[in-house]
Amino acid sequence: MYLTEEQLLIYRNQGFILLSEYFSRAEVEIMKAELSAISTEKSPKKILEKDNKTVRSLHGSHTTNDVFNSLARHPFIVEPAMQIVGNQVYIYQFKVNLKAAFTGDIWKWHQDYIYWRKEDGMPRPQVVNAMCLLDDMNEFNGPLFVIPSSHREEMIDVTSDHPKVATTNSNISSDGDAWISSFSANLKYSLSPELVTDLVSKYGIYLIKAVAGSVLFFDSNIVHASSNNISPFGRSTVIITYNSIENIPLPVQNPRPDFLVSQDYRPVTPLAPDALSKFSRVLI
């Protein structure tokens, strides 16, 4: 499943493209059933909200779960990722963000690439995010906001407010807690209100509203955020980041854990139709 030239142009111009109802409701339910199981595991791959009990995000699940492994290698996602990046890709990061009903917290305005550049040594933003919605995303449940075309600003270099982060998260060892600031509500490289105001006055603001099963491809330098979820509707998403095999991160001091930043640089081979039986893709 490759993007059309028109779709690629939309992506290049606005920094994202939304493909509605990409996966069926049945497939979404398969993924959500797996999500329920892995959310209960006690693991350093799990990040909690400030209340120290609500799950905020899960990382690296594609390495241990067959369904999510199939999703990460699904041709409907891998093939557009290769188009966007311009060559073969490997899975740089796999995470599930859960915006729990009533308790899901904010993600401040930020870009992704600055983390990958400063924390992981990624040379260039030759990378793409694929977000698969496991719930309907609407104006009520903490949707994703983006500033269209803000990727044209390239990486906005901001200084961290907290180079070392303390945590009360009982699932995380204090020996490696510095990386948590990349995933907490108090993000390490968030943008100031003044800067966001300037960007919105220049480019506008857009709310991503779509049904479960939709997929959003977005640029690593697009400025985005999400509000807290005070509704009774959960909002979970899978975000798979594909990096070019020609854009391998350089060595850094204190590298982040492998379940956050994969060191498996083997190119992803899209699954053949006969290998997708567990995922029950009926359109292939």
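Since the structure is predicted, the reported quantities are computational estimates derived from the model, not experimental observations.

Bringing the overall build of the protein chain into the picture now. Counting its secondary structure elements, the protein chain contains six helices and eleven strands. Relative to its 284 residues, the protein chain shows a buried fraction of 56%. Residue pairs in contact within the protein chain that sit at least 24 positions apart in sequence constitute 86% of those at least 6 positions apart.

So, on to the sheet that holds strand β11 (residues 235-244). On the basis of which strands lie adjacent, the open sheet formed by seven strands has the order β1-β9-β6-β11-β4-β3-β2 and antiparallel pairing. The sheet is open, and its two edges are formed by β1 (16-19) and β2 (46-48), each paired on a single side. Strand-to-strand twist of the sheet, defined as the mean angle between neighbouring strand axes without regard to direction, takes the value 15°. Examined bridge by bridge, strand β6 (residues 127-133) and β11 share seven bridges and lie antiparallel to one another. Counterpart to Val 128 in the pairing with β11 is Tyr 242. In the packing of helix α1 (residues 5-14) onto the sheet, the strands contacted are β1, β6 and β9 (215-219), and the crossing angle to β1 comes to about 135°.

A word on the sheet that holds strand β10 (residues 223-226). Backbone-to-backbone hydrogen bonds pair the strands of a sheet. The strands run either parallel or antiparallel. The four strands are arranged β5-β10-β7-β8 in an open sheet whose pairing can be described as antiparallel. Looking along the sheet, the strands with just one partner apiece sit at the ends: β5 (107-110) and β8 (206-207). Running at roughly 70° to strand β7 (residues 144-147), helix α6 (residues 193-203) makes contact with β5, β7 and β10 of the sheet.

The next subject is the packing of aromatic side chains. Across all of its chains, the model carries seven aromatic pairs by this definition. Ring geometry for Tyr 22 versus Phe 76: centroids 5.6 Å apart, planes at 55°, classification tilted. With Tyr 22 in the loop between β1 and α2 (25-39) and Phe 76 in helix α4 (residues 75-85), the pair connects residues that are 54 residues apart, well separated along the chain. Both residues of the pair, Tyr 22 and Phe 76, belong to the buried class. These aromatic residues form a ring-pair network of at least three members: Tyr 22, Phe 23 and Phe 76.

With that settled, the discussion passes to the nonpolar core. Core analysis: the biggest nonpolar cluster contains 41 residues, and Phe 217, Val 238, Ile 240 and Tyr 242 have the highest contact counts within it. For this core, the leading source of residues is α4, giving seven residues. Judged by nonpolar contacts, the second largest core, of 22 residues, contains Tyr 90, Tyr 113, Val 127 and Leu 187.

Our focus in this paragraph is the pairing of β6. With seven of seven residues buried, β6 is to be regarded as a mostly interior element. Side chains Val 127, Asn 129, Met 131 and Leu 133 of β6 all project onto a buried face; the interleaved residues Val 128, Ala 130 and Cys 132 project onto the opposite face, where all are buried too. Sheet topology note: the β6/β9 ladder contains five bridges and is antiparallel. Within the sheet, the bridge partner assigned to Met 131 lies in β9 and is Leu 216.

Quick look at α6 now. Residues Val 196, Leu 199 and Tyr 203 constitute the buried set of α6. Looking down the long axis of α6, one finds its buried residues gathered within 65° of arc, a one-sided arrangement. Exposed side chains of α6 directed beyond 90 degrees from the buried face belong to Pro 193, Glu 194, Thr 197 and Ser 201. As for α6, its buried residues are in contact with β5, β7 and β10. Directly after α6, the chain includes Gly 204, whose backbone phi takes a positive value near 90°.

This part takes up the pattern of salt bridges. Inspection of every chain in the model, using the stated rule, returns ten salt bridges. For Lys 32, the salt bridge is made with Asp 135, and the minimal N-O distance between the two is 2.4 Å. Of this pair, Lys 32 sits in helix α2 while Asp 135 is found in the loop between β6 and β7, placing the two residues 103 residues apart along the sequence. Asp 135 gets classed as buried once you look at its relative accessible area, which sits at 14%. Of the charged contacts in the structure, one is a salt bridge between Asp 120 and Arg 256, with a shortest N-O distance of 2.7 Å. On the criterion of sequence distance, the pair formed by Asp 120 in helix α5 (residues 113-120) and Arg 256 in the segment after β11 is long-range, its members being 136 residues apart. Taken individually, Asp 120 and Arg 256 each receive the classification buried, so the pair is uniform in this respect.

Next up on the list: the environment of Pro 270. Mapped onto the elements, Pro 270 comes out in the segment after β11. Note on Pro 270: relative accessible area 24%, which makes it partly exposed. It is 5.6 Å that separates the C-alpha atoms of Pro 270 and His 74, two residues lying 196 residues apart in sequence. Not counting chain neighbours up to four residues away, the residues in contact with Pro 270 comprise Arg 73, Pro 75, Val 78, Glu 79 and Met 82.

Reading guide: rules and limits
Residues numbered from 1 in each chain as written. Predicted model: local features only at pLDDT ≥ 70, side-chain atom pairs only at ≥ 80, totals over all residues. Heavy atoms only, no water. Helix = DSSP H or I, 4+ residues; strand = E, 2+ residues; numbered from the N terminus. Buried < 20%, exposed > 50% of the residue type's maximum accessible area, 1.4 Å probe, protein only. Contact = heavy atoms within 4.5 Å. Pairing = 2+ DSSP bridges. Axes fitted to C-alpha atoms, helices over the stretch in contact; angles between N-to-C directions. Phe/Tyr/Trp six-rings, centres within 6.5 Å; stacked < 30°, edge-to-face > 60°. Core = buried A, V, L, I, M, F, W, Y, C linked by side-chain atoms within 4.5 Å. Arc of directions from axis to C-beta. Salt bridge = Lys/Arg side-chain N within 4 Å of Asp/Glu carboxyl O.

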